[in-house]
Amino acid sequence: MAINVADKDRMVVVEGSYAVAHAAKVCRPNVISAYPITPQTHIVEDLSQFIADGEIPNCEYVNVESEFSAISALVGSSATGARSYSATTSQGLLLMHEVLFNAAGMRLPIIMTVANRAVSAPINIWNDHQDAISQRDTGWLQLYAEDLQESADMLPQIFKVAEDKDVLLPGMACMDGFILSHVYAPLVLLEQDLTDEFLPTYDPENVLDPANPMSFGAFAAPDTYEEFRFLQEQAMQKALPKIEAVAKEFGEIYGRFHGGLIDEYLTDDAEVIIMAMGSILGTIKDVVDEYRARGEKIGVLKVRSFRPFPQEQIRKAIKDAAAVAVFDKNISLGTNEGALFTETKSCMYNSRCDIPIIGYTVGHGGRDIPKESVAKIIEEAKKVASSGITVESQFLDVKEELL
Amino acid sequence: MKEIRIHGRGGQGSVTAAEMLSVAAFEDGKFSQAFPAFGVERRGAPVQAFTRISDVPIRLRSQIYAPDYVIVQDATLLETVDVASGIKDDGTIIINTKETPEELKLETKAKVMTVDATKVAMEIIGRPIVNTVLLGAFAGATGEVNVDSIRKAIKERFSGKVGEKNAEAIQKAYDLIRERKA
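Rules used in this analysis
- For every chain, the first residue of its written sequence is number 1, and the numbers climb from 1 along that sequence.
- By the order in which they are written, chains take letters starting at A while ligands take numbers starting at 1.
- Local features in a predicted model are, by the rule used here, given only for residues with pLDDT of at least 70; side-chain atom pairs are given and counted only at 80 or more, and totals for whole chains, interfaces and linings are based on all residues.
- Hydrogens are left out, water is left out, and the side-chain values use all remaining heavy atoms of the structure.
- Any two residues whose heavy atoms approach within 4.5 Å at even a single point are treated as in contact.
- Buried area: the accessible surface (1.4 Å probe) lost by two parts on joining, summed over both.
- Each reported salt bridge corresponds to a side-chain nitrogen of Lys or Arg within 4 Å of a carboxyl oxygen of Asp or Glu.
- Helix and strand definitions here come from DSSP, where helices need a minimum of 4 consecutive H or I residues and strands a minimum of 2 consecutive E residues; each element is numbered from the N-terminal end.
- Summary of the burial criterion: residues with accessible area below 20% of their type's maximum are buried, those above 50% are exposed, and those between are partly exposed, where the area comes from a 1.4 Å probe applied to protein chains only.
- Pairing of aromatic rings covers Phe, Tyr and Trp, the last counted by its six-membered ring, and requires centre-to-centre distances within 6.5 Å; plane angles under 30 degrees mean stacked, over 60 mean edge-to-face, and any other angle means tilted.

Asker: Teacher, can you tell me more about the interface of chain A and chain B here?
Answerer: As a measure of interface size, the accessible area lost when the parts come together is often cited. Facing 29 residues of chain A, the contacting portion of chain B comprises 23 residues. Taking both partners together, chain A and chain B bury about 2,200 Å²; carbon and sulfur atoms supply 64% of that area. On the chain A side of the interface with chain B, the three residues burying the most area are K8, Y184 and D368 of chain A, jointly 27% of the side's total. Counting across the interface, chain A meets chain B through 2 salt bridges. Of the charged contacts, one joins D286 of chain A and R59 of chain B as a salt bridge, the two residues approaching to 3.0 Å between their closest N and O atoms.

Asker: Honestly, the pattern of salt bridges in this entry has me stumped. Any pointers?
Answerer: Oppositely charged side chains may form a pair once their charged atoms are brought near each other. A complete count under the given rule lists 36 salt bridges over all chains for this structure. Here K382 of chain A makes a salt bridge to E296 of chain A, at a shortest N to O gap of 2.8 Å. Highlighted residues: K382 of chain A in helix α13 (residues 371-387) and E296 of chain A in the loop between α10 (280-293) and β11 (298-303), separated in sequence by 86 residues. Judged by relative accessible area, which is 25%, K382 of chain A ranks as partly exposed. A residue is classified by how much of its surface remains accessible, and E296 of chain A, at 22% relative accessible area, is partly exposed. Put simply, K88 of chain B and D68 of chain B hold a salt bridge, and the shortest N to O gap is 3.3 Å.

Asker: Would you mind showing me how to read the packing of aromatic side chains here?
Answerer: Each aromatic ring pair is summarised here by two numbers: the centre-to-centre distance and the angle between the ring planes. This model, assessed by the stated rule, comprises 8 aromatic pairs over all chains. For the pair F198 of chain A and Y254 of chain A, a centre-to-centre distance of 5.8 Å together with 75° between the ring planes defines the contact as edge-to-face. Here F198 of chain A, found in helix α8 (residues 192-198), pairs with Y254 of chain A, found in helix α9 (residues 222-254); they are 56 residues apart in sequence, far enough to count as distant. Note on Y69 of chain B and F138 of chain B: the rings are 5.4 Å apart at their centroids and 85° apart in plane angle, and the pair reads as edge-to-face. With Y69 of chain B in strand β4 (residues 69-72) and F138 of chain B in helix α4 (residues 131-142), this pair connects stretches of sequence that are 69 residues apart. Neither Y69 of chain B nor F138 of chain B differs from the other in exposure class; each is buried.

Put into structure tokens, the structure is as follows:
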């Protein structure tokens, strides 16, 4: 369970950003880079305080002049074998875009927390998933946290997956901006001794070293480039079982499990399954509990790993449902669909399993998603289960009077 | 679950009050959640902050539309902000003002209580900072949180004399509103 009531004696009330900064600290990073300007979070502020207080040994904090430099600095540091971390969000992540491909192509297991926020224009600083979803083809692992505890717990997990010799890919630990990053709630701060036990020292085979010169990301002509791409995809596929295994191992050591690639909530007998990523899952579960109390068989499928995309696990989880509704806090303009919806449909095709799936793009630019909105979507999914699809994908709550 | 909305102006410490309330509720053995009305905060502009208190872990992530309690730090907000918006009929609104609830003529079915938190703050803290003082009044008016837990939370957040003075003011506001209730 995500929040373990038995842990209460060990919990403290802190801000989500602090919990994540603390988690980054106990992962013993060697280099942290940050561009501390809006949009940012308290994560890098708290980390700079830890550094100033001498609480992170053997770590260099690099205050850079842009987000582009923040990620570029980490490409250099990671190539020398240093465990490298940053946190970013929104436009900052977009400015990193070019270098994200470099980090992945050079197979550097850099980890970033992304406090997910909307992107401009118009200017908006609130939560949605458009920033990270727009980076989906950069070759980074992407995990999405449901609550504050998971936002912190995800860091040692994703470091361990990313640094695995069979994977060696950079990773984004995504948490909802504001809704998780700026909220105070009780949680367990990650223990240093447990983290030392769980996360071994990063010890890559290939590093930049003047004594043994080699180059990263050098020229690849058409006769070799394709193989680099193939190996990146292969690494993504190898990450699938690792994400599951690492989440399980984390559970054994720390006593908390938030799901591996996915997490199922009351899906076994569910006629309608709601799929989503991130903090909206909490609200959805509260609404589903109310339906269950009335005897209605509704379940929730949390998608925790968006990259790699767990096709097989999703197929298995939803195949017996009568209808599925997918929440997306993003949209691929020109398709009228969110990414999770499109990819869920895609993985069901050719599977000989023809269940109706509908999509809603929700929460754009921080538009609140109250319980009533979740119930409205569940009602639509129930209708689809009995009488088929009328609208395949749509915005949840467009205000006609503003158009 | 109980939901609390705090109204104030940027710089009055509404977010800190919501956080301290969540810390105190946790100290009482409850689960809690505190968050600001995410916006572009400016000093002096109307702001809101929220706290949820529950016996079980809180999963709900939406904003608060139907609070059980409302705390108003600055009575001048009543002219521009509907502080009673959505409050439950059996809820309570606590307002920092010299005036009585009758004089305020607030249109709501909820119970309205007033406390001159500014006076308490000036007398004890020496500055018109009322966010912590109002938490004492909240504890006295509602019983949802233990006043000792609030004092403890404040003293942990603000060390030394500042913490001590705030704790004293919290107790004073608590006692004042308890007398009013009796």
